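Results of the structural survey
Listed below are the residues making up each chain.
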Amino acid sequence: MNTTIYLIRHSVRFNTDLVESYHSDQNNTIKNEKIPLSISGEQRAEILSNESELQNLDVVYTSNYTRTIQTAKYILAKQNLGFHVDDRFDERKVGIPNKDSVPDWWLRQFNDKDYKTEGGESQEDVRNRFTEAFNEIMEQHKGKRI
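First, a word on scope: everything that follows refers to the structure included in this document. Values in this document were obtained by computation on a predicted structure and should not be read as measured data. (Residues numbered from 1 in each chain as written. Predicted model: local features only at pLDDT ≥ 70, side-chain atom pairs only at ≥ 80, totals over all residues. Heavy atoms only, no water.)

Bringing the overall build of the protein into the picture now. Looking only at helices and strands, the protein has five helices and two strands in total. Reading the protein from its N end, one meets helices and strands in the order α-α-β-α-β-α-α. Dimensions of the protein, computed from the C-alpha atoms along their principal axes, are close to 50 × 35 × 25 Å. Within the span of the protein, comprising 146 residues, buried residues form 31% of the whole. Sequence-distant contacts, at least 24 apart, represent 62% of the contacts inside the protein between residues at least 6 apart. For the protein, the exposed surface amounts to about 9700 Å²; the carbon and sulfur share of it is 50%. (Helix = DSSP H or I, 4+ residues; strand = E, 2+ residues; numbered from the N terminus. Buried < 20%, exposed > 50% of the residue type's maximum accessible area, 1.4 Å probe, protein only. Contact = heavy atoms within 4.5 Å. Areas by Shrake-Rupley, 256 points an atom, 1.4 Å probe, with all protein chains shown as cover.)

Structure representation (structure tokens):
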């Protein structure tokens, strides 16, 4: 019995350049997790939910990000499904930029799979957590459409 997994990136996010002020004690990771979909992102997410290939799903997983859940909600509603939130599918945590000691830190994180800033993750860290989650889901839902 075949297991089929569809990986879908969240739809178009809201343009945060429009935010004139953001007063919060929360760190940038938390702020980033809360960015919603744009109006066009909502429309595209609804269109996506009508794709024939994405019908008759058995299980849905999302990251912890608001816009990811917003993208999935149309599929969930049409198919009367619940869903699992797994933060192992979250975006890479950037950490604290260390531009004083590593001026090219932003570029370096893309060129060096093991480089990370303080409190952040490397590409390899993200790859490992994603692979762990992916393999666990594959094992738990053999023969399903995920």
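It is worth spelling out the nonpolar core at this point. Leu-54, Leu-57, Val-60, Ala-72, Ile-75 and Leu-76 form the largest nonpolar core, which has six residues in total. Other than its neighbours up to four places away in sequence, Val-60 contacts Ala-72, Leu-76, Leu-81, Gly-82, Phe-83 and His-84. (Core = buried A, V, L, I, M, F, W, Y, C linked by side-chain atoms within 4.5 Å.)

Right, let's talk about unusual backbone geometry for a bit. Residues other than glycine predominantly adopt negative phi, and peptide bonds predominantly adopt the trans conformation. Despite not being glycine, Asn-56 has its phi angle at roughly 60°, a positive value. Residue position: Asn-56 is located in the loop between helix 2 (39-48) and strand 1 (61-62). One non-glycine residue, Asn-80, lies in positive phi territory at about 55°. Within the element layout of this structure, Asn-80 appears in the loop between helix 3 (66-79) and strand 2 (84-85). Judged by its relative accessible area of 72%, Asn-80 falls in the exposed class.

Okay, the packing of helix 2 against helix 3 next. In contact at an axis separation of 8 Å, helix 2 and helix 3 are set at 35° when each is read in the N-to-C sense. In this structure, helix 2 meets helix 3 at a crossing whose hand is right-handed. Every residue of helix 3 that contacts helix 2 at Glu-42, Ala-45, Glu-46 and Leu-48 is listed here: Gln-70, Thr-71, Lys-73, Tyr-74 and Lys-78. Considered class by class, the residues forming the contact of helix 2 with helix 3 number three nonpolar, two polar and four charged. (Axes fitted to C-alpha atoms, helices over the stretch in contact; angles between N-to-C directions. Left-handed = near helix turned anticlockwise from the far one by under 90°. Nonpolar A, V, L, I, M, F, W, Y, C, P; charged D, E, K, R; others polar.)

Further remarks concern the environment of Asn-50. One can find Asn-50 in the loop between helix 2 and strand 1. For the pair Asn-50 and Thr-117, spaced 67 residues apart in sequence, the C-alpha to C-alpha distance is 41 Å. Discounting residues that sit within four places of it in the chain, Asn-50 has contacts with Gln-55 and Lys-78. From its side chain, Asn-50 meets the backbone oxygen of Glu-46 in a polar contact 3.4 Å long. (Polar contact = N/O pair within 3.5 Å; in protein donor to acceptor, adjacent residues only side chain to side chain.)

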